[in-house]
Amino acid sequence: MRFEIGGGMDLIEETVRQFLSDKAKVLDIESTRLHSGYQAVDLFRHRILVESEGRQEYSSVITKMANGIERRVMNRLLDQGANVPFNRAGNLDSDHRVLLCIQDVDYKTNYQNLDIGMLQHKEIQALAYIHNHNRGLQEELSWLPRVSRTYIETIIHGVWRPAWEEAKHNERFVETFGTYMSEIDAVSGKIVDELEAVWKDETTHTLIHNDLNPGNVLVHNNDDVMFIDWEEARYGSLFLDIPMRFDRSQVGEYREVLASLGWVLPADTFGQSYRAASWYLGLRYMTWSLGAWLRDPGTEAGLRRFLDMVVV
Ligand SMILES: Nc1ncnc2c1ncn2[C@@H]1O[C@H](COP(=O)(O)OP(=O)(O)O)[C@@H](O)[C@H]1O
Ligand SMILES: [Mg+2]
């Protein structure tokens, strides 16, 4: 497919020169549209043939029409040496969607052959680094949106609840997941209030990703983890990130790493905040899984994971 987004070729060449080799030339390019995630924005993978100092080599980059938040956060985190792919945008200022060229994180990754334990430790380090590096910066990061009660209410009552009510009218759902129902109903009635104390607690505020679904955490070359898709980033409580990635048995290590970086979170409120955030994230990410399971019972494990986040 020819790549026809205005200025795209120039941006790809500039990105290659900035990050691969300053003498590089793109000789050939083959572009395919990627299935995007929830936002359905224009997303392409470009296989490029690059020549530099007489040598030719294939490489790969992604382009995305990214919002202003994502472009600025990706640029900032790259400067901080955080675990994000290299990236370059023609423009960081505008709030409109503008083309962002991003390192293709996982085109060389073999997902069948991963050392999960090693990657888990690296991910804990990488997320703790980002959280710690950007705390106490509410003024510098004033361009990032904040979490609000309306934001949480919309996710729970506007988005999750209709999907949940629909599922509860499905006989197969009641048969399979009936034992979860009363507890989840009880949690959903109190979660907006319970979570308020968590997201308002400024002592836990930093740059958060706020959408750490599995599609946004990729493995690079089988030896490291990178976070992509910073479009939903907020300045808010780190608890809104951690239960998505670290279960109860792993979160202790995250806390220790954070403490070793100099950020000690009080022990008395940690468990409670983690639990409220886990409820909220379980409900939020269950929404999509409910619809998927109603269409295809083979997706049961995915749905059960989010149900379990709410009943612990
Ligand atoms: N830099 C990248 N490297 C490899 N794959 C990517 C990259 N960016 C996006 N993708 C792929 O495209 C999917 C959607 O991109 P993402 O940036 O998450 O957009 P959306 O906002 O649509 O979720 C990702 O889940 C991933 O599979
Ligand atoms: Mg995504």
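Predicted model, so just to flag it, every value in this text is computed and none were measured.

Cut-offs used in this document
- Residues numbered from 1 in each chain as written.
- Chains lettered and ligands numbered in written order.
- Predicted model: local features only at pLDDT ≥ 70, side-chain atom pairs only at ≥ 80, totals over all residues.
- Heavy atoms only, no water.
- Buried < 20%, exposed > 50% of the residue type's maximum accessible area, 1.4 Å probe, protein only.
- Helix = DSSP H or I, 4+ residues; strand = E, 2+ residues; numbered from the N terminus.
- Pairing = 2+ DSSP bridges.
- UniProt positions renumbered as here; feature names shortened; annotations may be inferred.
- Domains from an automatic or database assignment.
- Contact = heavy atoms within 4.5 Å.
- Buried area = accessible area lost by both parts, 1.4 Å probe.
- Salt bridge = Lys/Arg side-chain N within 4 Å of Asp/Glu carboxyl O.
- Core = buried A, V, L, I, M, F, W, Y, C linked by side-chain atoms within 4.5 Å.
- Phe/Tyr/Trp six-rings, centres within 6.5 Å; stacked < 30°, edge-to-face > 60°.
- Lys NZ or Arg CZ within 6 Å of the ring centre and 35° of its normal.

> So what's going on with the pairing of strand β5 (residues 98-103)? Residues and values would help.
Burial analysis of β5 places six of its six residues in the buried class, the great majority of the element. Across six bridges, strand β3 (residues 55-66) lies against β5 in antiparallel orientation. Its bridge partner lying in β5, K64 is registered against L100. In this sheet, β5 lies alongside strand β4 (residues 87-89) in antiparallel orientation, the contact comprising three bridges. Across the sheet, N87 pairs through a bridge with I102, a residue of β5.

> Outline unusual backbone geometry, supporting the account with residue identities and numerical values.
Phi at E53 is positive, roughly 45°, even though this residue is not glycine. In this fold, E53 is placed in the loop between β2 (43-52) and β3. Even without a glycine there, the phi angle at N222 is positive, about 60°.

> So what's going on with the UniProt feature "domain: Protein kinase" (unreviewed entry) in the chain? Residues and values would help.
According to UniProt, the feature "domain: Protein kinase" (unreviewed entry) maps to residues 47-312 in the numbering used here. In this annotation, residues 47-312 is assigned 52% helix and 16% strand; the end-to-end C-alpha distance for the span is 45 Å.

> Tell me what's going on with the domain arrangement of the chain, and back it up with residues and numbers.
Considered domain by domain, the chain is made up of domain 1 (8-103) and domain 2 (116-311). With centres defined by C-alpha atoms, the gap from domain 1 to domain 2 works out at 28 Å. Counting residues at the interface gives 19 residues for domain 1 and 25 residues for domain 2. Counting each side, the surface lost to burial between domain 1 and domain 2 is near 1900 Å², with a carbon and sulfur contribution of 58%. Remark: the boundary between domain 1 and domain 2 carries four salt bridges.

> Tell me what's going on with the nonpolar core, and back it up with residues and numbers.
Within the largest apolar cluster, 80 residues are counted, with the highest numbers of intra-cluster contacts made by W230, I242, Y280 and M286. Residue contacts for M286: discarding those within four places in its chain leaves W160, W164, I184, L303, F306, L307 and V310. Membership of the second largest hydrophobic core comes to eleven residues, among which are V16, I48, V50 and V61.

> Describe in detail the packing of aromatic side chains, supporting the description with residues and values.
Inspection of every chain in the model, using the stated rule, returns ten aromatic pairs. Plain terms: the ring middles of W160 and W164 are 5.4 Å apart, the flat faces sit at 20° to each other, and that makes the pair stacked. Taken as a pair, W160 and W164 lie in helix α4 (residues 149-168) at a separation of four residues, close to a single helical turn. Comparing W160 with W164 shows no difference in burial state: the two are buried. Seen from their ring centres, F239 and F270 are 5.1 Å apart, and the 65° between their planes marks the pair as edge-to-face. Placement of F239 in the loop between β9 (234-237) and α6 (242-245) and of F270 in helix α8 (residues 267-295) is noted, with a sequence separation of 31 residues between them. Residue F239 is classed as buried on the basis of its relative accessible area, which comes to 3%. According to the relative accessible area criterion, F270 is buried, its value standing at 6%. An aromatic cluster is present here, built from W160, W164, F173, F177, Y180 and W293 joined pairwise through their rings. One residue, R47, lies across the ring of Y58, its end atom 3.9 Å from the ring centre.

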